[in-house]
Amino acid sequence: AAEEAEAELDRSRDAEEELDDLCESMRRALEEERRKAAALEQALGEASREVVAKQQWAAALAADLDTERFAAAAECGLRVAQVEASEAAAEEAAEKGREAM
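Overview of the structure. Quantities reported herein were computed from a predicted structural model and do not represent experimental measurements.

Another point: the overall build of the chain. Looking only at helices and strands, the chain features 1 helix and 0 strands. Taking 2.2 N^0.38 as the reference for a compact globule, 101 residues should give roughly 13 Å; the C-alpha atoms of the chain span a radius of gyration of 43 Å, well beyond that estimate. Taken over the C-alpha atoms alone, the chain extends approximately 145 × 10 × 5 Å along its principal axes. When burial is assessed residue by residue, the chain has 0% of its 101 residues classed as buried. Summed over all atoms, the accessible surface of the chain reaches about 9,100 Å², with 58% contributed by carbon and sulfur. Positive and negative charge centroids in the chain, built from 13 and 28 side chains respectively, lie 5 Å apart.

Here it is in structure tokens:
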């Protein structure tokens, strides 16, 4: 009976060691998963900052394009006004020329 109790005690100690090893292994796996989660969170934060920066760049580019379009439209309007003024002056000169004849 003493031998049987000793054998049972050895099996119990072996089982306890296995459980301790399993717990340690799971603790290390959990720490690794936490490190991976932290790295992913950091990468997501960086990606979000890049997206915001690209959105700001796109908005600035759109504003620049709007400014350029406005300037081009103003320049075109000025040229049209100059052509119309030249045509009016030419017509007036032609009219005076006809009257002079």
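Moving on to the environment of aspartate 21. The topology assignment puts aspartate 21 in helix H1 (residues 2-100). With relative accessibility at 54%, the residue aspartate 21 sits in the exposed group. Remark: the alpha-carbon pair of aspartate 21 and threonine 67, spanning 46 residues in sequence, is separated by 69 Å.

Let us look at a negative patch on the surface. A surface patch of like charges, here negative, comprises Glu6, Asp10, Asp14, Glu16, Glu17, Glu18, Asp20 and Asp21. Checked against the element boundaries, glutamate 17 lands in helix H1.

Applying the stated rule across the entire model yields 10 salt bridges. Across the pair glutamate 24 and arginine 28 runs a salt bridge, and its minimum N-O distance is 3.7 Å. With glutamate 24 and arginine 28 both in helix H1 and 4 residues apart, this pair spans about one turn of that helix. Linked through salt bridges whose partners overlap, the residues forming this network are Glu24, Arg27, Arg28 and Glu31.

A cluster of nonpolar side chains, contributed by Leu19, Leu22 and Met26, occupies part of the molecular surface with about 320 Å² of accessible area. The topology assignment puts leucine 22 in helix H1. The class for leucine 22 is partly exposed, based on a relative accessible area of 46%.

Scoring rules and cut-offs
- Residues numbered from 1 in each chain as written.
- Predicted model: local features only at pLDDT ≥ 70, side-chain atom pairs only at ≥ 80, totals over all residues.
- Heavy atoms only, no water.
- Helix = DSSP H or I, 4+ residues; strand = E, 2+ residues; numbered from the N terminus.
- Rg over C-alpha atoms; globule rule 2.2 N^0.38 Å.
- Buried < 20%, exposed > 50% of the residue type's maximum accessible area, 1.4 Å probe, protein only.
- Areas by Shrake-Rupley, 256 points an atom, 1.4 Å probe, with all protein chains shown as cover.
- Lys, Arg positive; Asp, Glu negative; His and termini not counted.
- Charge placed at Lys NZ, Arg CZ, Asp CG, Glu CD.
- Patch = residues over 30% accessible without salt bridge, like charges linked within 9 Å, V, L, I, M, F, W, Y side chains within 5 Å.
- Salt bridge = Lys/Arg side-chain N within 4 Å of Asp/Glu carboxyl O.

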